[in-house]
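Fold and contact review
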Protein chains: 2
Amino acid sequence: MAMKRAASSAVRALSASSAVNSFTRHLSSAPESKKIVGVFYKANDYATKNPNFVGCVENSLGIRDWLESQGHKYIVTDDKEGPGCELEKHIPDLDVLITTPFHPAYVTAERIKRAKNLQLLLTAGIGSDHIDLNAAAEAGLTVAEVTGSNVVSVAEDELMRILILVRNFLPGYHQVINGDWNVAAISYRAYDLEGKTVGTVGAGRIGRLLLQRLKPFNCNLLYHDRIKISPELEKETGAKFEEDLDTMLSKCDIVVVNTPLTEKTRGMFNKEKISKMKKGVLIVNNARGAIMDTQAVADACHSGHIAGYSGDVWYPQPAPKDHPWRYMPNQAMTPHISGTTIDAQLRYAAGVKDMLERYFKGEEFPAQNYIVKEGELASQYR
Amino acid sequence: MAMKRAASSAVRALSASSAVNSFTRHLSSAPESKKIVGVFYKANDYATKNPNFVGCVENSLGIRDWLESQGHKYIVTDDKEGPGCELEKHIPDLDVLITTPFHPAYVTAERIKRAKNLQLLLTAGIGSDHIDLNAAAEAGLTVAEVTGSNVVSVAEDELMRILILVRNFLPGYHQVINGDWNVAAISYRAYDLEGKTVGTVGAGRIGRLLLQRLKPFNCNLLYHDRIKISPELEKETGAKFEEDLDTMLSKCDIVVVNTPLTEKTRGMFNKEKISKMKKGVLIVNNARGAIMDTQAVADACHSGHIAGYSGDVWYPQPAPKDHPWRYMPNQAMTPHISGTTIDAQLRYAAGVKDMLERYFKGEEFPAQNYIVKEGELASQYR
C-alpha cells in the first residue's frame, strides 16, 4: 500500500520505524504556518444566542484566536458541495481539513487526489464515513475522530427515541397543537417500555452506554456484535449476546442500530432483513442513514410492519425536501443532532484543539482517535 | 364526622369495631344485584384495533360479561358533564362508580349528595382528586384506587419528557415535517442530560421509580418530600434530600412534579414559586395540571424563564381548545395519557375487577388502595 502523504505528527512518531521512508512528501519541521479548513453548519442568528455554541461556522470550535496567534490560516465554511463551493477553492492547498458528521463534507477519492497538501483529516465528532477512508489510507493521510466526545449524547438520544416510539408520544402532541383531545387515539397503541425486548445491533461505545441506561427499565436486553461485551457489563446490564443477527431481530420489540457505516453495513436493513423483524417492530437509528435501505424503511412504515421509526441520520445530509422518511407514517425523525448538543460541542472542540496541538508539535494522538493511520483503517471500519 | 354510607365490604370488615353502628345505610348481604357505572374515554374506531385496549368505553375494562353473569347491571359512558349527561341519569341509583383520571368524571359534593345509593368509588388508575374526597368521607363512602397500577408507566413517561426538553427534540421534528434542515436552530439549546441537576417535588411511588431510572444518566439528583426515602434507595440512586423546597428549586436545571393534587398543592407553582427557579428551567409535570397556576406557567414560557414545559395533565380535562398551554412556546404537551398505556390498562382493569370481587364478597381491599376509608382520607391527601 503506497503511503504518499502523512501528517508530520505521524511521520515523527514513525521516525524510528522501517516505514519512515515512504513518508517523504510534506515532511516538515513544525512549527510552520498551516492552512486549516473547517466545514461546519451555519448558525446565523443562533450563533450569538449561547456562548458555548462553538460547533457552528461562526464560532468555529472556538479555536480561531489560538490558531491565528500561532501564524496558521483558518478558513471556515458551510459551503461544501458543487464545483464552485467555498470548500473546493481551498482543496488544492489546504493542509488540514476539519469536518463533522452533522453537516458532512463528503471527502471523495477525487477530492483527496486534488488536495495535494492535505495531511490530516479531523472529524469533530464521531463517524468518518463521509470520508473515503480507503482513498485516504492509499494517499497516506491521517484520519482521526474525537472518540468518546459524544457517545453519551447519542446514547441518551436513543433512549429518548425508544420512549417516544413505545409510548406513542407524537400523536398526542399533534392533538395538543391541533386543538384536539382524543386519549383513545393515542393509548390504543401506547405501551410501557418495561418488559419489552430491546436489541442493539452493535454494542460498541454507544451501544454499551445505551444498555446501561436501559437497565432500570426492566426490559429483556439483547445485543449482537462481532465480539462480546465484558462479562462484568453483561452482568451489570443483564444483556444477552446474540450471535446470529436474524435470530435476534425476530425476538425484538425494539431494534436499535449502533453499528458504523462500512461497506458491510451499507444498506444492510433492506426489505429482506426488515421482514425478519416482528410485525410492529420499532426501530431507532442514530448510527447512519445509509445503513438502511431508504425505500424499504418507508415501505415498511407504510405497510405497518415497522410501527415506528426514529433517528437523526439520513443519506444524504442535509436530507432533501423529498426524502421519503419525511413523509412516512409513524416517524419521529430529526436532522442530525444527537451528537452535537452543547455539551458534545465543547468536548469535540477541545478534542480537535488537542489533536491540532499535538500535530503542530509532532506528537501522537490518543490511540483510540485514529481512524486511518499509516495506511491502515481502524478495526471498526475494516 | 358522620359516616352515613359505606361499602358493604368496609362494613363487614369493621363488624367487630366500635364504629360499626354508624355504618347503617345500605348494609346489605352480598351477593345482590348492584348497579355499577363506569366513566371512561370513548375509542370509536380505535376500540377494535387492539385486543388489549380495555380502558375505553367500548371495552369497559373487559369486565362486562363477568359482572352481568353475576346479575349486576353495568352502565358505561363517556358522557360525564352537564345536567342532561348520561352519568347524571344514573347518579340517583348507582351503587358503584368507576372513574379514571384520563377522562375524569368530577364527583362533586353535590353529586355525592344526590347519589343516595352510592357506596363505592373506584378509580381505574391513580389519583382521585377528581372526587371531592372530604365530601366522600363525610358521606361514609369508600374511595379506592388501583395503587401501583401505572406508576411505572408514568415514571417512564416523565423520563421521556425530560429528554425531549433537555435535548430540544421537537424543533428538530418540526424541521423534518416542514421540509427544513437547520441543525444550528436545534443545537444552540440542546444539551445532554448528563451532569444536570434534576429535582423531584415528591418522591412517592412514581418519584422513586423516576430516580431509579435517572440513576445511570449521571445527573445530580435531588428530591423534596414530607418524608425521606429509605437510606437504601438514597444510596442506590444517589438522590439527596432537600428539606426546603425553594432551596431545591433554585438549584435545579430540571424540576419534575410528583406530588398529588391536594388543597395544599393546588396552584402551588404560581408566579412567585416559578421565580425561585433558575432562568431557563425545564419543568415536567405528569402529576396534575391544577398544581400549576396555568397562566403563570404560560407567562414564564413566553418570557423564557421556563425554557421548556412538558406534561400530560391539564385542568380541566379534556383541555379546552383555548387552553393557554396549547399555544405557549417550548411546550411538549399531550393529552392525559402516561398512565393509560396498554400495559397500565391491563393492570388497572385487573385491579378494579379484584376490588369489585372483594366488594361483592364483603372482603377488605389491599390496604394501600384506600383513598377514603371509614371517613378518613389516605395520608397523601390530608
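These remarks concern the structure in this document. Keep in mind that this is a model prediction, so the values were computed, not measured. (Residues numbered from 1 in each chain as written. Chains lettered and ligands numbered in written order. Predicted model: local features only at pLDDT ≥ 70, side-chain atom pairs only at ≥ 80, totals over all residues. Heavy atoms only, no water.)

Considering the interface of chain A and chain B
- If you look at the interface, chain A gives 68 residues, while chain B gives 68 residues.
- Counting the surface lost from both chain A and chain B, the interface buries some 6000 Å², and carbon and sulfur atoms represent 64% of this.
- Of all residues in chain A, A:R167, A:W181 and A:Y188 give up the largest surface area on contact with chain B, accounting jointly for 13% of the area buried on that side.
- Where chain A touches chain B, the interface holds 10 salt bridges.
- When the shortest N-O distance is used, the salt bridge between A:E156 and B:R167 registers 3.1 Å.
- The interface formed by chain A and chain B includes 42 residue pairs in polar contact (both at pLDDT 80 or more).
- Elements with a minimum of two residues in the side of chain A that touches chain B: α6 (151–166), α7 (169–177), α8 (183–187), α9 (205–214) and α14 (342–361) of chain A.
- Of the residues that constitute the side of chain A that touches chain B, the class distribution is 35 nonpolar, 18 polar and 15 charged. (Contact = heavy atoms within 4.5 Å. Buried area = accessible area lost by both parts, 1.4 Å probe. Salt bridge = Lys/Arg side-chain N within 4 Å of Asp/Glu carboxyl O. Polar contact = N/O pair within 3.5 Å; in protein donor to acceptor, adjacent residues only side chain to side chain. Helix = DSSP H or I, 4+ residues; strand = E, 2+ residues; numbered from the N terminus. Nonpolar A, V, L, I, M, F, W, Y, C, P; charged D, E, K, R; others polar.)

Some words on the sheet that holds strand β7 (residues 220–224) of chain A
Residues and elements named next belong to chain A.
- Taken in spatial order, the 6 strands line up as β8-β7-β6-β9-β10-β11 in an open sheet, and their pairing is parallel. Strand pairing shows two members of the sheet lacking a second neighbour, β8 (240–241) and β11 (306–311), which therefore form its edges.
- Pairing of strand β6 (residues 197–201) with β7 involves 5 bridges; the strand directions are parallel. Directly across from T200, in β7, lies its bridge partner Y223.
- In the packing of α6 onto the sheet, the strands contacted are β6, β9 (254–257), β10 (281–285) and β11, and the crossing angle to β10 comes to about 155 degrees. (Pairing = 2+ DSSP bridges. Axes fitted to C-alpha atoms, helices over the stretch in contact; angles between N-to-C directions.)

Some details on the packing of aromatic side chains
- The full count for this structure, using the stated rule, is 24 aromatic pairs over all chains.
- An angle of 15 degrees between the planes, with centres 6.1 Å apart, marks the rings of A:F169 and A:Y173 as stacked. Note that A:F169 and A:Y173 are positioned in helix α7 at a spacing of 4 residues, about one turn of the helix.
- The exposure class of A:Y173 is buried, given its relative accessible area of 5%.
- By the ring-pair criterion, three or more aromatic residues cluster together here, those being A:W181, B:Y309, B:W314 and B:W325.
- Above the face of the A:F217 ring, B:R213 is positioned so that its terminal group lies 5.5 Å from the ring centre. (Phe/Tyr/Trp six-rings, centres within 6.5 Å; stacked < 30°, edge-to-face > 60°. Buried < 20%, exposed > 50% of the residue type's maximum accessible area, 1.4 Å probe, protein only. Lys NZ or Arg CZ within 6 Å of the ring centre and 35° of its normal.)

Description of the pairing of strand β1 (residues 35–39) of chain A
- Burial analysis of β1(A) places 5 of its 5 residues in the buried class, which makes it a mostly covered element.
- Neither face of β1(A) is open: one carries A:K35, A:V37 and A:V39, the other A:I36 and A:G38, and all of them are buried.

With respect to the pattern of salt bridges
Residue and element names in this part refer to chain A.
- Counting across every chain of the model gives 50 salt bridges over all chains.
- A salt bridge links E88 to R114, with the shortest nitrogen-to-oxygen separation between them at 2.9 Å. Here the residue E88 occupies a position in helix α3 (residues 86–90), and R114 occupies one in helix α4 (residues 109–114), the gap between them amounting to 26 residues.
- For R114, a relative accessible area of 31% corresponds to the partly exposed category.

A closer look at the environment of A:E68
Residues and elements named next belong to chain A.
- With respect to the helices, strands and loops of the structure, E68 is situated in helix α2 (residues 64–69).
- Looking at E68, the relative accessible area reads 40%, which means it is partly exposed.
- Spatially, the C-alpha atom of E68 lies 49 Å from that of L282, the residues being 214 residues apart in sequence.

Looking at the pairing of strand β3 (residues 96–99) of chain A
Residue and element names in this part refer to chain A.
- The alternating pattern of β3 places V96 and I98 and L97 and T99 on opposite faces, both of which are buried.
- Of the pairings in the sheet, the one linking β1 to β3 comprises 3 bridges and is parallel in character. Bridging from a neighbouring strand, V37 pairs with L97 of β3.

Remarks on the relation of the copies chain A and chain B
- Rotating chain A by 180 degrees and moving it 0.0 Å along the rotation axis overlays it on chain B with an RMSD of 0.0 Å. Look at the turn and shift together and you get a two-fold axis relating the two. No C-alpha of chain A approaches the rotation axis more nearly than that of A:M160, which lies at 2.8 Å. (Least-squares fit on C-alpha atoms with pLDDT ≥ 70 in both.)

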